[in-house]
Amino acid sequence: MTGEDIYLKEGFKKLCEMHAVDLIHPHPGTSGGILETKKIGDMAEEYGVGMAVHFAGTPVACMAGVHAIAATNNFLAMENHSVDVPWWDSLVEGIDKPIVNRGFIKVPEKPGLGVTLNEEAVKQHLLVPGYFEPTPQWDQERSNDRLFS
């Protein structure tokens, strides 16, 4: 199994074509998003390769992954690194809690991702102070992300 750092469907295709893995392991937040994760799973299914999804992030990102995998036939499991964080569920509202309940996550039926960001809870758990602060460093014509990556 591999793939949590592979970007886009093309990065997974050769592995699937060669049957180099039994399972692919994309992370929806880094593989290209909701639609790209579904495309990756659909392509893998054509080669008889299953998909387990890697996930480490916020409940908002979790719901994005949940929607992608709910629409993918060959999905087997979703890894989740947040179930032991006591305040993780509080970062969103509008969904049954606990979000991960007995190893399962219910797919929201509300519009969008089905959750609302709980801004007060987010502010309480920021590692770096500042919440949507101005970013004048991005106002220059030739800005880049070298400050952040």
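Description of the structure in this document. In this text, all values refer to a predicted model and were calculated from it rather than measured experimentally.

## Some points on the packing of aromatic side chains
- Within the structure shown, the criterion is met by two aromatic pairs.
- Seen in terms of ring centroids, Y131 and F132 are 4.7 Å apart; in terms of plane orientation they differ by 80°. Their pairing is edge-to-face.

## Structural notes on the side chain of S82
- With respect to the secondary-structure elements, S82 resides in the loop between strand 3 (75-78) and strand 4 (92-93).
- There is a polar contact of 3.3 Å between the side chain of S82 and the backbone oxygen of G57.
- The contact partners of S82, leaving out residues within four places of it in the chain, are F55, G57 and W88.

## Brief notes about the sheet that holds strand 1 (residues 23-24)
- Spatial ordering of the open sheet is given by 1-2-3, a layout of three strands whose pairing is parallel. Both outer strands of the open sheet, strand 1 and strand 3, are each paired with one neighbouring strand and no more.
- As paired elements, strand 1 and strand 2 (residues 50-53) share two bridges and run parallel to each other. Across the sheet, the residue bridging to L23 is G50, located in strand 2.

## Here's the deal with the packing of helix 1 (residues 8-17) against helix 3 (residues 34-46)
- Put simply, helix 1 and helix 3 touch, their axes get as near as 9 Å, and they point 15° apart. In this view, helix 1 runs roughly parallel relative to helix 3, as classed from their interaxial angle. Of the two possible hands of crossing, helix 1 and helix 3 adopt the one that is right-handed. Where helix 1 approaches helix 3, its residues L8, K9, E10, F12, K13 and C16 are matched on the opposing element by E36, K39, I40, M43 and A44.

## A closer look at the layout of surface pockets
- Taken as a whole, the largest pocket encloses approximately 240 Å³ of empty space.
- What lines the largest pocket is V66, I69, A70, F75, M78, N80, V100, G103, F104, I105 and V107.
- At the level of secondary structure, the elements contributing two or more residues to the lining of the largest pocket comprise helix 4 (59-70), strand 3 and strand 6 (104-105).
- For the lining of the largest pocket, the element with the most residues is helix 4, which contributes three residues.
- Of the residues that constitute the lining of the largest pocket, the class distribution is nine nonpolar, two polar and no charged.

## Looking at the nonpolar core
- Ranked by internal contacts, the top residues of the largest apolar core, which has 22 residues, are I24, C62, M63 and M78.
- Among the secondary structure elements, those contributing two or more residues to this core are helix 1, helix 3, strand 2 and helix 4.
- Discounting chain neighbours no more than four positions away, the residues touching I24 are T2, F12, C16, I40, A44, V49, G50, M51 and A52.

What counts and what doesn't
- Residues numbered from 1 in each chain as written.
- Predicted model: local features only at pLDDT ≥ 70, side-chain atom pairs only at ≥ 80, totals over all residues.
- Heavy atoms only, no water.
- Phe/Tyr/Trp six-rings, centres within 6.5 Å; stacked < 30°, edge-to-face > 60°.
- Helix = DSSP H or I, 4+ residues; strand = E, 2+ residues; numbered from the N terminus.
- Polar contact = N/O pair within 3.5 Å; in protein donor to acceptor, adjacent residues only side chain to side chain.
- Contact = heavy atoms within 4.5 Å.
- Pairing = 2+ DSSP bridges.
- Axes fitted to C-alpha atoms, helices over the stretch in contact; angles between N-to-C directions.
- Parallel < 35°, antiparallel > 145°, perpendicular 65-115°, else oblique.
- Left-handed = near helix turned anticlockwise from the far one by under 90°.
- 1 Å grid on protein atoms, 1.4 Å probe; cavity = no way out; pocket = protein on both sides within 12 Å on 5 of 7 lines; lining within 4 Å.
- Points joined across faces, edges and corners; volume = space filled by probe spheres on them.
- Nonpolar A, V, L, I, M, F, W, Y, C, P; charged D, E, K, R; others polar.
- Core = buried A, V, L, I, M, F, W, Y, C linked by side-chain atoms within 4.5 Å.
- Buried < 20%, exposed > 50% of the residue type's maximum accessible area, 1.4 Å probe, protein only.

Keep in mind these numbers describe shape, not what the thing actually does.
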